[in-house]
Structure formats: C-alpha cells, structure tokens
Amino acid sequence: MSISNSNKRKKEGDESSSESLKKRNIEDDKKKNEESIQLWTLGISECHCSIEYDQKLRLQSSNKSDEKEDPETDSDDIENKIQVPENTTLLELIEFLCNGPIRERRDCNDYGVNQHLWELKIIPAGRSIESFGAAKEGKKYELCKPSDNSMPNLCELKDDLDCTDIVSTKQLVKNLNSLEVGGCIYLMYDYGTTTELLLSVLSVEECINSKLSLCILNDEVIYDGEVNENDIQQVPAFHLPKEQQIDAFYPNFSKNFIGKGHPMNAVTLGLSSRITRQDDTVFSSMESSSNRGNDVFFCATPFDDMNKFLTLGEEAWSSSKGAEISLSCTSRHIFPPNNREAYNKFQEVHESHPMKDFGPHIIALYKEKIEIKNQFDFSRTFPKTTQQLTSGKFRWIRYSNFKKGSVLKIIVGRGFGSNNRMMKKSQILRKWNKRFESFHELLCAVEASWKHPQDNYLSELGDVILTEHDIDLGPSKPLPEEPPILCKKEDTIIVSSSEGKQQPGVTALAVATTHNNTPVLYSGHENGIICKWDLTTNEIIWKRQVFQAKMVGKSTDLGHEDCGTPTGIRGIVAKESSSSQTNSNTYHEIFTWSHGFEPNSATPSKLKVLNGEDGMLLYSLTCEFDDVDAYPLISCVVFSKLKYNDEDDDWDEAIIVGLQATTEILEDDENYSDFDLEEAEDFAHGNILPFVDKVANESWRGHSGTIRSMAAVPDKFIVSCSECPGHRFAEMIILWCTERPGIPLHRIDLEKSTVQRKNPSLFHPVNSFQGG
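If you're wondering where the values come from, they're calculated on a predicted model, not measured in any experiment. (Residues numbered from 1 in each chain as written. Predicted model: local features only at pLDDT ≥ 70, side-chain atom pairs only at ≥ 80, totals over all residues. Heavy atoms only, no water.)

**Considerations on the overall build of the protein chain**
Here is step 1: What the protein chain contains, in helices and strands, is 13 helices and 37 strands.
Here is step 2: Counting the 772 residues in the protein chain, one finds 47% classified as buried.
Here is step 3: Contacts in the protein chain between residues far apart in sequence, at least 24 positions, make up 62% of those at least 6 positions apart. (Helix = DSSP H or I, 4+ residues; strand = E, 2+ residues; numbered from the N terminus. Buried < 20%, exposed > 50% of the residue type's maximum accessible area, 1.4 Å probe, protein only. Contact = heavy atoms within 4.5 Å.)

And the structure:
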C-alpha cells in the first residue's frame, strides 16, 4: 500500500514537472517572439545603372554646397520596397534579389545566383559608386564577391582595395558597418550582359520578432503622385471606340511603347535634349529592361508631323528583317523625311564601326515621302499634345513601366544626366502613378496634363514661354567653335603633294618673310630633311639633310620590327639673325632639333642652327651636363635677353632650351618667397638650359617633370609648362623674370608630380613626343 502511494506521488510529480517545463518553453517562445530585432527597409531605385545614380548624388551634393534648396529629382522614385531582418545573410539577400528584381530585368533562365559572376557593394551614405575603393579616409566600403560559380564563403581580390572590407557571403546584415540610412547596396550581376541593381537604405527600425522574414512589401504605396480618372475622361478622345483609337492603327508601336510587347525600363517621346549641336537631339527612345538598358528604339531628330513619326515607327517595329534575332538584340532608328544627311551619317558611322558585326542588329529607316495609309489623325485627336511636341521647345514625356508600378511624367525643360533623361521635380507638370492599358489611354492622360501653375491656379500651357526652360534652346554641351577659315577648301593652295607616291611625313613647320617680303616656308620631315619653299611660286628653294634618318625602337630579336619613333625633325624655329640687324643683308637663322639621338651615337642632343639663305650649318649647341651621363632630348626653344650682371645695364642675347627630362627639386611655396638659388643649384640640375654667346649657363630649377612648352615676353618674362611622367598631364606652370635669370617668381600647380624628390643625383631622360 505504501509502495502504491509512493509510485502515485512520483507519477504526479513527473507530470507536474512536465507541465512546468512545457509552460516554461511556451513562455520562452513568447518572450523570444517579443524580443525586438532590427529591420532594414530597402528601396529598389529607379536608376538602372551606377552612372545615373552617381550623377543624381552629385547633383544633390552640389545644391547642398551652394546652399540651395535640394531639388526634388527623380532620385526619390523607387520601384518597390524590400524588408530585410537583421539575421539575413548576404547570400540569402543576393539569392532573393536574383530570383526577384534581377529576374525581372533579364531574360528568362538567366538570373540564378550561381549562373553568372556578381559582386555586391555596400556603400555608406553620401559616397558615390564610382569612388568605390578610392577613398582613403572615413568609413570603409564593404564588398562581397564570388571568385567562381562554386560560391565560396570569401571572395578572392587583390590587396589594392585597402580601404575596402572584404566580407563573407555568410555575413549577417546586422554586422555590416556600411549599411546605414542613406547608404546604397549595389549589385552588379554578370560581367557580360550586365544587369545593375541599386537599393537605397530607407530606414532601420526596431521591431518585435513576430516571424519577420525577407520579403517584398507588396502593399506599400511607392509613389506620391495622384491619379484622377476624371481628368482623363474629360479628354474627348478618351471616349472613342477601340477601333478608332491609336492602338488600332499602330498596334506594334503602341504595345511596345507601353511595355506590353518588349519589356521596357522607360520610354520617352518629345524633344528632351540638344547636346553638342543644333541637330544633336533626342526626340524618342525606348530603353530595354534587358541587356543593360540599351535602347531598342531611337529617334534623334524631331518630326513636325506626328502621323509620319508613328507610321515610320510602326514600320520599324513591324519589320521582319532580322526576325530570327531576339527583340532585345535589335536597335531601331528612324529619321524624318527632311533629314537624309543624318541618315547617311548614321549609316556611315555604323558601317565603319569595327564592332558592327558583334553589336545589336540595326534597323534604320528613312523615306523621302512617308505615305500614311490609315485615317487616324494625331493632331486632331490630341491637339494639345501635338502643339507641345512639335513646338521646338523641350516638351516631352517619360513612362517608366515596372512590374510593381508604373509612372508617367509630363516634363518641360531639357533633360540631364548620363543619357539626358533625368529631370528635376520642378520640371514635371504632372505625374501619373498608373499602369496604362493602352497607348491611347496614356496619350489621353498626357493630353490632360499640359497645364502649368500660374497665380495659384493651373493654366493651359499653350504657346506660353516658360522663362526658366524656354529661353536657352541651344546645345547643353556645345562643341568648340571651328577656327576661322581664311579661304574655301577649293581655293586652298597645295604646296607639295605626294601624288600617289609615299613621301616622308611632315613633322615640323615654320613660316617667315625674307628681306624682300617674300613669304617662305620651312618644312621638317621624319627622314631628317628640312626644305625651304617659296610660297609665291610654291617651288622648293633648297633641301638639306640635317639629321640622320633612323627609327628608334626597331628590334630584330623576334624577327620583326617594332613601331618606332623617327629621329627626324622635332621642331623648327625661324629667327631673324642678330647680325642682320647691323647691316642691310637680312636673313634668318633656322634653329632645329631632332626627335631622338642620331644613329650609332650615344652623344648629347644638339640644337643645330642653319643659315636660312642656303641651309648651310652655322653652328651647333650641345645640351649636356658635365657630371651627368644622361643626355636629355630637346623639347622647345625660345629667345630673350637676360640680365646676368647686376652691376651694369648690359643684357645678353640668350637662347633658352626646354629639355625632355625629369629632375629633382626642392619644396618651395608657389611664390618662392624662400627660394635659395645656391641651394637649388647644389641640389640637382634643372631642365631649362639657357645659352649665352653659344655657351651653356647654369640650368634653371623649378620643374620636376619634363618641359612641355615655353613662351617669352621678350626682355621681361619667360613662362614654362611641364608635364608629369607617365600619363603626361600638365604638371605646373612657372613664371620667370629675365632680370634675375634662374629665379622663379610664381608657380601654378596643375597636377601633383609623381616624381620622388629625394635623390639629388637623378636626372632621367624620357621618350620624345610624337608628331611636330
């Protein structure tokens, strides 16, 4: 009996413990569910490439720095929002994006996370995508990238991205340092037909963990525009029967424009930009949602008859030419009847392009007369839209068609950005957040939107001139003006012609006038010859071999000759002889120098001086330094008087030579307030070498890079410009005073020199420039 009671009590105790444990587990689960976690909300940007995103970022930054109101641009528009819990791994996020947004932007069966290489960049707020891996201070970027299709945990990259944190595909979102509000997640998928996806970090919130998961927020209201169906219904054309609507007459163009045929990122219609010339314009475009957003339809020149535009556009979309090729790999171009020149130029450029056989299939349509075969009249159906699109002003529409929402914008003023299709919000007359079922319905919305705010109410736009947008209708990036033409092409006098025979190329020219006012031309050639021409008779006066002909760079080690640099004439300067100033026999001294060293000679470069009358050698100036074994080449020559003696007023005639050599310089401020000439001369040789009485004086120190060019204000100033080794961008400009030779007055730094300034014994010769 006692044993039975004991067993009973033990059983009851076990049941009680089990119930207690179950209750405790339920409470733990409840507590766990009630614990808060971080939740990121990401917005898929309407930008379809990093260039467009960066340009919007720079625009916003520029307006902030100018203390202007931030222009409300297209950058706030997003396709959709994504909810990302903190315990999501990068690989889970990337797989989610590949199966969702990436798939929507690419062809089917070409979006898997392991089908192509990709990389994910997580960039802090305010930083551009272009500057990724370039910033040397501030918060680091984070990069995740597989090295192959096996999806490794860590990517394999070079160490030169020293400001980038390489993160694993297993990294949790909550552990990412760069993922902050205002930041950007940039996914580049496939290095061939690349698809780019940009996600803005909209918010980071603390939320109760009630089974939160990675998902798209389908119920979110993404756009802020209002849709008033009554406005569309007020347009008379809205009530036309379907057989009389524009889609019935131009079915292929219509369905593709609204994205029901070929999927589009965005389409435009109307004059949106004028870029480098009056005829460099964009009137209509259709940007594919695949193949990295290339245009599958493009019309540059505006049509003054919309019926003709639609007729040719329909033919372009109906063409069976290249029908076996994917629609996304075909580019259609149409030209108005009055612009055969543009059509011919397009065909010429396309045919001469070296990659024409590897690019998209091209359909280019031009007709002198466009026959309209239907009864549809665009101008009568949509009179307000016709007036605006054919006004010659920047009046255009943009329709972005996405799976989660579409946006129609009616715009005034020129577009900007990488493809000139971005706009400020102040340019938008109206925005419709609506997916249109037909091209006709879309045009009815456009017809109802040509109104602008005036005196606190909307007024019909009509032919009103909008001061902000309509005053300047010229090119936004005009080409530089052509130099003045002194005569017509057909009146040009040819001094010398090869007449089908191969002649040595001209590498230098100089024009002068003889004592009897006869214009003469001195021409230097790549074979080392100088010729003198009489420009009144176009006959040669004399011809002299000044330098030996040779190609620097030839090699026979591999049995072939490399492309080399000719040692021919590098430059010619004609200067009136100083002796002719004391007698009536006026003649020129011809100063000339070569591209390189003469054959079989390791001697210094020489500046040769010829008599302009007969071409005979007068004397040579040798450019060398006694204690240096390097022989720099000559870059340029100028002339001026220099004052070396402070005790009297004597000035010496000088020939000042710029050398193609890098050297070492002391660090001085731009005004050289503490410049010490003796210290500079002891430190290293300079690369400007003056000659007085045919003798080289002390070189001038100031430039570290090679001398590119010089100019003289006789007896007052010398200006010299140097270039950096390697990329050869301009390095600095220095102003020198002729009254204090060798002492620089002022410096303008154009590019930080890449030359080390440590070893005073360095004096590096560099390759000569190409051409004359």
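Continuing now.
**Focus on the sheet that holds strand S27 (residues 605–611)**
Here is step 1: One open sheet accounts for 4 strands, arranged S25-S26-S27-S28; its pairing is antiparallel. With one partner strand each, in any of the chains shown, strand S25 (569–576) and strand S28 (617–623) form the two edges of the open sheet. Mean inter-strand twist for the sheet, computed between neighbouring axes without regard to direction, equals 20 degrees.
Here is step 2: Sheet analysis places S27 next to S28, joined by 6 bridges and oriented antiparallel. Across the sheet, residue Leu 610 finds its bridge partner in S28, namely Leu 617. (Pairing = 2+ DSSP bridges. Axes fitted to C-alpha atoms, helices over the stretch in contact; angles between N-to-C directions.)

**Section: the nonpolar core**
Here is step 1: Grouped together as the largest cluster of nonpolar side chains are 48 residues, with contacts concentrated most on Phe 253, Phe 309, Leu 408 and Leu 442.
Here is step 2: With near-sequence residues (within four places) excluded, Phe 253 lies in contact with Met 286, Phe 297, Phe 309, Leu 310, Gly 313, Glu 314, Trp 317 and Phe 439. (Core = buried A, V, L, I, M, F, W, Y, C linked by side-chain atoms within 4.5 Å.)

**As for a nonpolar patch on the surface**
Here is step 1: A cluster of nonpolar residues, Val 713, Phe 717 and Leu 745, forms a patch on the protein surface that exposes about 210 Å² of accessible area.
Here is step 2: Summarising the element assignment, Leu 745 is placed in strand S36 (residues 744–749). (Patch = residues over 30% accessible without salt bridge, like charges linked within 9 Å, V, L, I, M, F, W, Y side chains within 5 Å. Areas by Shrake-Rupley, 256 points an atom, 1.4 Å probe, with all protein chains shown as cover. Salt bridge = Lys/Arg side-chain N within 4 Å of Asp/Glu carboxyl O.)

**Re the pattern of salt bridges**
Here is step 1: Enumeration over the complete set of coordinates arrives at 15 salt bridges.
Here is step 2: For Glu 368, the salt bridge is made with Arg 340, and the minimal N-O distance between the two is 3.0 Å. You can see Glu 368 sitting in the loop between strand S13 (361–366) and helix H9 (378–381) and its partner Arg 340 sitting in helix H8 (residues 340–352), a full 28 residues away along the chain.
Here is step 3: Residue classification places Arg 340 among the partly exposed residues on the basis of a relative accessible area of 38%.
Here is step 4: Between Arg 395 and Asp 470 there is a salt bridge whose closest N-O contact spans 2.7 Å. Here Arg 395, found in strand S14 (residues 395–402), pairs with Asp 470, found in helix H12 (residues 467–470); they are 75 residues apart in sequence, far enough to count as distant.
Here is step 5: Judged by relative accessible area, which is 7%, Asp 470 ranks as buried.
Here is step 6: Here the salt bridges do not stand alone but share partners, grouping Glu 287, Asp 295 and Arg 421 into one network.

**A look at the layout of surface pockets**
Here is step 1: The volume enclosed by the largest pocket comes to roughly 1,100 Å³.
Here is step 2: Mapped onto the lining of the largest pocket, the elements with two or more residues apiece are strand S10 (281–288), strand S11 (295–299), strand S12 (330–335) and H8.
Here is step 3: With 6 residues, the single largest contributor to the lining of the largest pocket is H8.
Here is step 4: Residue classes in the lining of the largest pocket are distributed as 14 nonpolar, 15 polar and 8 charged. (1 Å grid on protein atoms, 1.4 Å probe; cavity = no way out; pocket = protein on both sides within 12 Å on 5 of 7 lines; lining within 4 Å. Points joined across faces, edges and corners; volume = space filled by probe spheres on them. Nonpolar A, V, L, I, M, F, W, Y, C, P; charged D, E, K, R; others polar.)

**With respect to helix H3 (residues 90–105)**
Here is step 1: Taking the largest bend as the criterion, H3 deviates by roughly 40 degrees, centred on Cys 98, and proline Pro 101 comes between one and four positions later.
Here is step 2: Where H3 is concerned, the buried positions are Leu 90, Leu 93, Ile 94, Leu 97, Cys 98, Gly 100, Pro 101, Ile 102 and Arg 105. (Bend = angle between axes of the 7 residues up to and from the residue.)

**Some words on the sheet that holds strand S21 (residues 529–534)**
Across a sheet, paired strands are connected by hydrogen bonds in the backbone, their directions being either parallel or antiparallel.
Here is step 1: Pairing within the open sheet is antiparallel, and its 4 strands lie in the order S19-S20-S21-S22. The open sheet is flanked by strand S19 (506–513) and strand S22 (539–545), the only strands paired with a single partner. Across the sheet, the mean angle separating the axes of adjacent strands is 20 degrees when strand polarity is ignored.
Here is step 2: Pairing analysis gives 7 bridges linking S19 to strand S20 (residues 519–525), with the strands arranged antiparallel. When the bridges of S20 are listed, Val 506 appears paired with His 525.

**As for the environment of Lys 56**
Here is step 1: Along the chain, the position of Lys 56 falls in helix H2 (residues 50–65).
Here is step 2: Separated by 366 residues in sequence, Lys 56 and Met 422 place their C-alpha atoms 8.6 Å apart.

**Structural notes on the environment of Phe 683**
Here is step 1: Position of Phe 683 among the secondary structure elements: in helix H13 (residues 677–683).
Here is step 2: For the pair formed by Phe 683 and Ile 665, sequence separation is 18 residues and the distance between their alpha carbons is 7.4 Å.

**Some words on a negative patch on the surface**
Here is step 1: On the surface, Asp 669, Glu 670, Asp 674, Asp 676, Glu 678, Glu 679 and Asp 682 cluster together into a negatively charged patch.
Here is step 2: Note that Asp 674 resides in the loop between strand S30 (652–662) and H13. (Lys, Arg positive; Asp, Glu negative; His and termini not counted. Charge placed at Lys NZ, Arg CZ, Asp CG, Glu CD.)

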